[in-house]
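Structural overview
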Amino acid sequence: MDETSPTTFQTAPSIPSPPPDLSDRAHRSALLIVFLVTFIDLLGWGLVLPLLPRFAKEFIPGGDASPYKGITIGALMAAFSAMQFIFAPIWGRVSDSIGRRPVLLIGLFCAALFNGLMGFAALMGTEGQRELGLILLFVARLGGGVACATVGTAQAVIADSTAPEKRSRGMALIGAAFGIGFTFGPLLGFGALLVIPNAGGPGFLAAGLSLIAFILAIALLPETLRKGVAPIRHRTWFDFDGLRTALDTPGVGLLMLIFFVSTFAFAIFEPTLALLTETAGLGLDAKHNFLIFTYVGLVLGVAQGLIYRRLAARVSEQTFIRLGTLLMACGLAGMGLVAHFAEQAEPWPASILITQLLVMLAVAVTGFAFVTPSVQSLISRFSDPTRQGEILGVNQSANAMARILGPAAGVPLYYLTPDHVVPYCLSAGLLLAVLLLSAGVRQG
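Please read all numbers here as calculations on a predicted model, not as lab measurements. Residue numbers restart at each chain and count upward from 1, following the sequence in its written direction. Local features are withheld for residues below a pLDDT of 70 in this predicted model, meaning they are given only at 70 or higher, and side-chain atom pairs are given and counted only at 80 or more; totals for whole chains, interfaces and linings count all residues. Derived side-chain values reflect all non-hydrogen atoms in the structure, with water molecules and hydrogen atoms excluded from consideration.

1. Brief notes about the overall build of the protein chain
Cut-off, in case you're wondering: Secondary structure is summarised from DSSP: a helix means a run of H or I of at least four residues, a strand means a run of E of at least two, and numbering begins at the N terminus for each. Only protein chains enter the accessibility calculation, which uses a 1.4 Å probe; a residue is then buried when its area is under 20% of its type maximum, exposed when over 50%, and partly exposed in between. In what follows, a contact means two residues having at least one pair of non-hydrogen atoms within 4.5 Å. Accessible areas in this description were obtained via Shrake-Rupley with a 1.4 Å probe; residue shielding takes into account the shown protein chains only.
Helices and strands together make up the secondary structure of the protein chain, namely 15 helices and 0 strands. Counting over 444 residues, the protein chain shows a buried share of 58%. Considering only intrachain contacts with a sequence separation of at least 6, the fraction spanning at least 24 residues in the protein chain is 86%. Of the roughly 16900 Å² that the protein chain leaves accessible, carbon and sulfur atoms contribute 70%.

2. Description of unusual backbone geometry
Even without being a glycine, H420 presents a positive backbone phi close to 60°. Considering the arrangement of structural elements, one finds H420 in the loop between α14 (388-414) and α15 (422-437). Note on H420: relative accessible area 10%, which makes it buried.

3. So, the packing of helix α11 (residues 286-311) against helix α13 (residues 350-382)
To keep it simple, the criterion reads: Axis lines are fitted to C-alpha atoms, over the contacting stretch for helices. Their N-to-C directions set the angle, which ranges from 0 to 180 degrees. Orientation labels follow simple angle bins: below 35 degrees gives roughly parallel, above 145 gives roughly antiparallel, 65 to 115 gives roughly perpendicular, and whatever is left gives oblique. With the far helix as reference, a near helix turned anticlockwise by less than a right angle produces a left-handed crossing, and one turned clockwise produces a right-handed crossing. When residues are sorted by character, Ala, Val, Leu, Ile, Met, Phe, Trp, Tyr, Cys and Pro go into the nonpolar class, Asp, Glu, Lys and Arg into the charged class, and all the rest, Gly among them, into the polar class.
Running from amino to carboxyl end, α11 crosses α13 at an angle of 45°, the nearest separation of the two axes being 9 Å. The pairing of α11 with α13 is recorded here as oblique in orientation. α11 and α13 meet at a crossing whose hand is right-handed. Counted together, I292, Y295, V296, V299, L300, A303, Q304, I307 and Y308 of α11 and L357, L358, V359, L361, A362, V365, T366, A369, F370, T372, P373 and S374 of α13 form the full contact between these two elements. Looking at the contact of α11 with α13, its residues break down into 17 nonpolar, 4 polar and no charged.

4. Some remarks on the confidence of the model for the protein chain
What counts, and what does not: Per-residue confidence from the prediction method is given by pLDDT, with values spanning 0 to 100.
In this model, the protein chain carries a mean pLDDT of 78, and residues with pLDDT of at least 70 account for 78%. The low-confidence segment residues 1-21, where pLDDT is below 50, has 44 contacts with residues more than four positions distant or belonging to other chains. Confidence over residues 230-238 falls short of pLDDT 50; this stretch has 20 contacts with residues more than four positions distant or in other chains.

5. Describing a nonpolar patch on the surface
Cut-off, in case you're wondering: Patch membership requires more than 30% relative accessible area and the absence of a salt bridge. Residues of like charge join within 9 Å; the nonpolar side chains Val, Leu, Ile, Met, Phe, Trp and Tyr join within 5 Å. When a carboxyl oxygen of Asp or Glu lies within 4 Å of a side-chain nitrogen of Lys or Arg, that pair is called a salt bridge.
Where nonpolar side chains cluster on the molecular surface, the patch consists of F109, L113, L211 and I215 and spans about 370 Å² of accessible area. For the nonpolar patch, the elements supplying multiple residues, two or more each, are α4 (100-126) and α8 (201-220). On the secondary structure map, L113 appears in helix α4.

6. Some thoughts on the packing of aromatic side chains
We apply this condition: Pairing of aromatic rings covers Phe, Tyr and Trp, the last through its six-membered ring, and needs centres within 6.5 Å; plane angles under 30 degrees mean stacked, over 60 mean edge-to-face, and all others mean tilted.
Taken as a whole and assessed by the stated rule, the structure comprises 8 aromatic pairs. With a centroid separation of 4.2 Å and 5° between ring planes, the pair formed by F266 and F368 is classed as stacked. Of this pair, F266 sits in helix α10 (residues 252-276) while F368 sits in helix α13, and the two are 102 residues apart along the sequence. A relative accessible area of 5% means that F266 is categorised as buried. Measuring from centroid to centroid gives 4.1 Å for F341 and W348, while their planes differ by 20°, and the two rings are stacked. By way of ring pairs, the aromatic residues F266, F269 and F368 are connected into one cluster.

7. Notes on the pattern of salt bridges
Applying the stated criterion to the full structure yields 2 salt bridges. In this structure, R100 and D96 form a salt bridge, with 2.7 Å as the shortest nitrogen-oxygen distance. The same class applies to R100 as to D96, namely buried. Between R403 and E270 there is a salt bridge whose closest N-O contact spans 2.4 Å. One end of the pair, R403, is in helix α14; the other, E270, is in helix α10, and 133 residues separate them in sequence.

8. Some details on the nonpolar core
Here is the rule we go by: Among buried residues, those of type Ala, Val, Leu, Ile, Met, Phe, Trp, Tyr and Cys that are joined through side-chain atoms within 4.5 Å constitute a nonpolar core.
Formed by 93 residues in total, the largest nonpolar core has its most connected members in L273, M335 and L357. In this view, M335 contacts F269, L273, L276, L357, M360, L361 and Y424; residues no more than four positions away in its chain are not counted. Core analysis: the next-biggest nonpolar cluster, separate from the first, contains 6 residues, A88, I90, W91 and A149 among them.

9. Overview of α8
Selection rule: The span one expects for a helix is its residue count, reduced by one, times 1.5 Å.
Between its first and last C-alpha, α8 extends 29 Å over 20 residues, near the 28 Å set by a 1.5 Å rise per residue. The complete set of buried residues in α8 reads G201, P202, G203, A206, A207, L209, S210, A213, F214 and A217.

So this is what it looks like as structure tokens:
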């Protein structure tokens, strides 16, 4: 296929991908290692995420009284995704040319370096060098975003290693790894705060886990890019033809819009969770905050790794997208109610508020777990097999843009009113719009 003519496959409703030129054993090995690598990498992410908003607030000059706290925390949370937005399509395009394996190895090694820097930044901040600690946190977040922008490449490994009719189950495998890793990551963070007597412990532990993932990938990850497919040589790294190709492919543009808006709505809420749990009505300290994030990961892992995978053979991706969007809207609207009642002059009892919080989190996270692999599966099935890495990378880039804008808007909106309900109401409203858009999604 002529790389300068993306329109040569525009009219096909669905492009079947021939089986990868690998043995069954290599298929299983690739899927297993992508699962393990993603799981261990998310262990490190789950160690760090629950602490970031609270760390940032402590490191900002003026602390909780600073008028810039919302903007600063939002920018810190968005920095990671800003680098993913830039580098996800680059890594995808490079993996289409040189292979998936080297791209994933580079990402894992860099993740270990920048997680270690995050631990060092936390130490600087707690030792009185707050400005330096905050600067290093930003550097670590930016570098970590570059390193972890290889999710599209991991999805391409799944696409390389699965037949089209099994693609949604394969994509759910990555989601399950995210969920399980995010479950045990906060648990390790909880343990790290108990055992390691300094704030840098979670970051250093995350660096060690990323290094283990890197070693496992070196030893066990096969190359999955199919033999006999001529690599596409791109003239530049930043090539907007990839975006045009993705949008011109029938069905992909609408799916990318749905994924963008639903991720944006979810990303508005994510960075505010650690702030909400320390409000007067809930009053959870850092250790118990880790347990809340553990619960989120557990729900995600069960929803994607158990419920979704079992139902994928009988329920269409279209149905999962619509059901998931509705659940997300209900769950995030319920989070707004929890935030409202937690900030009343006489808040509801903490036990009732925490129970409501856990229920609403389960509903919202389950919805997100249904939407994500369904959209990724359909995009992969509609894409030219020789450009799956690039198109999945473009979609991941759109996802990263949503995760830039979500925290950047969500944290300032959280502080906009005393009861903190604005970000949750906005998210619920956006998801209702997505539900209307999903009526146009066709099955691959």
